[in-house]
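Below are the chains, spelled out letter by letter.
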Amino acid sequence: MSQQSPEDNSRADELSADESSADQQGKPAATFAELAQEMAAKNPLVRKDDGHIDLLAAAGGIRGIAESVLPGLVFLVVFTLTRNLSSALVGSIAMAAIFLVARLIQRTPLTQALAGIVGVALSAFLAMKTGKAENYYLVGFYTNAAYIAAMVLSIALRWPVLGLLFGYARNEGLRWRAEPERLRAYRAATWILVGVMAARLAVQLPLYLTEHVDALGAMRLIMGVPLYAFGLWIAWLISRPVGGSEDAKS
């Protein structure tokens, strides 16, 4: 029978306290509290000794970055060199499948690899169905738009997404919602990521509409993980508690 560490017990007590506080505020708040706890449990955010977040871990580590980037990179390179849509799509799907098989063999979590191959397969289907290489990137536009809508809604409801993520990483739980300054900070931080998503659409949509496939593919890679990581880092910095302490006071 496994034993919980004092840190685990403390975290469990914190989550229970946050949930009880949310219950007192009404059912919608309790629902958001439950969502926050689920997000915290799956939260890839890791703080380093200097108090900053580990951007590599936040992006899924080396393996996660490779799973996100390489299928699209293979598509872009093969299509640029051959102008053969079928070859480019086969190469992209094969790369995503390799990552999935590797996880199956190593018995590691499949969530990211499954999401990756489903996304690549859907993108490939749209491109093949229409015969237009630029439609390989169409799914990404809808995904970005969905993220923007979800984050803007979270800001409007005063449950900013980055408050839910950063709050637990900083041991604030949900207590930041009761402090106007912290709430404003996390709303501003969430707006940073909204800006990242909006910038992607602003740059890439014109390239899609004008059928500049090579430039679109390059911008998709450049404005993918690197821009997301930069935006997350800026959001972390601007939402730091006053005084520079990354740990909420008990």
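Residues numbered from 1 in each chain as written. Predicted model: local features only at pLDDT ≥ 70, side-chain atom pairs only at ≥ 80, totals over all residues. Heavy atoms only, no water.

S.K.: Pulling in residues and values, what's your account of the packing of helix α9 (residues 180-209) against helix α11 (residues 225-238)?
M.R.: Between α9 and α11, the least distance of the axes is 8 Å, while the angle of their chain directions is 160 degrees. What the angle tells us is that α9 and α11 run roughly antiparallel. For the pair α9 and α11, the sense of crossing is right-handed. Contacts between α9 and α11 involve A185, A188, A189, I192, L193, V196 and R200 from the former and L227, Y228, G231, L232, I234, A235 and I238 from the latter. Grouping the constituent residues of the contact of α9 with α11 by class yields 12 nonpolar, 1 polar and 1 charged. (Axes fitted to C-alpha atoms, helices over the stretch in contact; angles between N-to-C directions. Helix = DSSP H or I, 4+ residues; strand = E, 2+ residues; numbered from the N terminus. Parallel < 35°, antiparallel > 145°, perpendicular 65-115°, else oblique. Left-handed = near helix turned anticlockwise from the far one by under 90°. Contact = heavy atoms within 4.5 Å. Nonpolar A, V, L, I, M, F, W, Y, C, P; charged D, E, K, R; others polar.)

S.K.: Run through the pattern of salt bridges, naming residues and quoting values.
M.R.: Within the structure shown, the criterion is met by 4 salt bridges. Where E67 meets R63, a salt bridge forms, and the shortest distance between an N and an O atom there is 3.8 Å. Of the two residues, E67 and R63 are both situated in helix α4 (residues 61-82); the distance of 4 residues between them amounts to about one turn of the helix. The residue E67 makes a salt bridge to R103 at a minimum N-O spacing of 2.6 Å. Residue E67 is located in helix α4, and its partner R103 is located in helix α5 (residues 85-106); the two are separated by 36 residues in the primary sequence. The residues E67 and R103 share a single accessibility class, namely buried. What you see here is one network of salt bridges that share partners, running through R63, E67 and R103. (Salt bridge = Lys/Arg side-chain N within 4 Å of Asp/Glu carboxyl O. Buried < 20%, exposed > 50% of the residue type's maximum accessible area, 1.4 Å probe, protein only.)

S.K.: Any chance you could break down the nonpolar core for me, citing the residues and the numbers?
M.R.: Core analysis: the biggest nonpolar cluster contains 46 residues, and F75, L162 and F166 have the highest contact counts within it. When contributions to this core are tallied by element, the ones reaching two or more residues are α4, α5, α6 (111-130), α7 (138-156), α8 (161-169), α9, α10 (213-222) and α11. The leading source of residues in this core is α9, at 10 residues. With near-sequence residues (within four places) excluded, L162 lies in contact with G167, Y186, A189, T190, L193, L232 and A235. (Core = buried A, V, L, I, M, F, W, Y, C linked by side-chain atoms within 4.5 Å.)

S.K.: Which residues make up the packing of α4 against α5, and what values do they have?
M.R.: It is at 7 Å that the axes of α4 and α5 come closest, and there the two elements cross at 160 degrees. Classified by the angle between their axes, α4 and α5 sit roughly antiparallel to one another. Every pair of crossing elements has a handedness; the one defined by α4 and α5 is right-handed. Counting all contacts with α4, which are made through R63, A66, E67, L70, P71, G72, V74, F75, V78 and F79, the residues of α5 involved are L85, S87, A88, L89, G91, S92, M95, A96, F99, A102, R103 and Q106. For the contact of α4 with α5, the class distribution of residues is 14 nonpolar, 5 polar and 3 charged.

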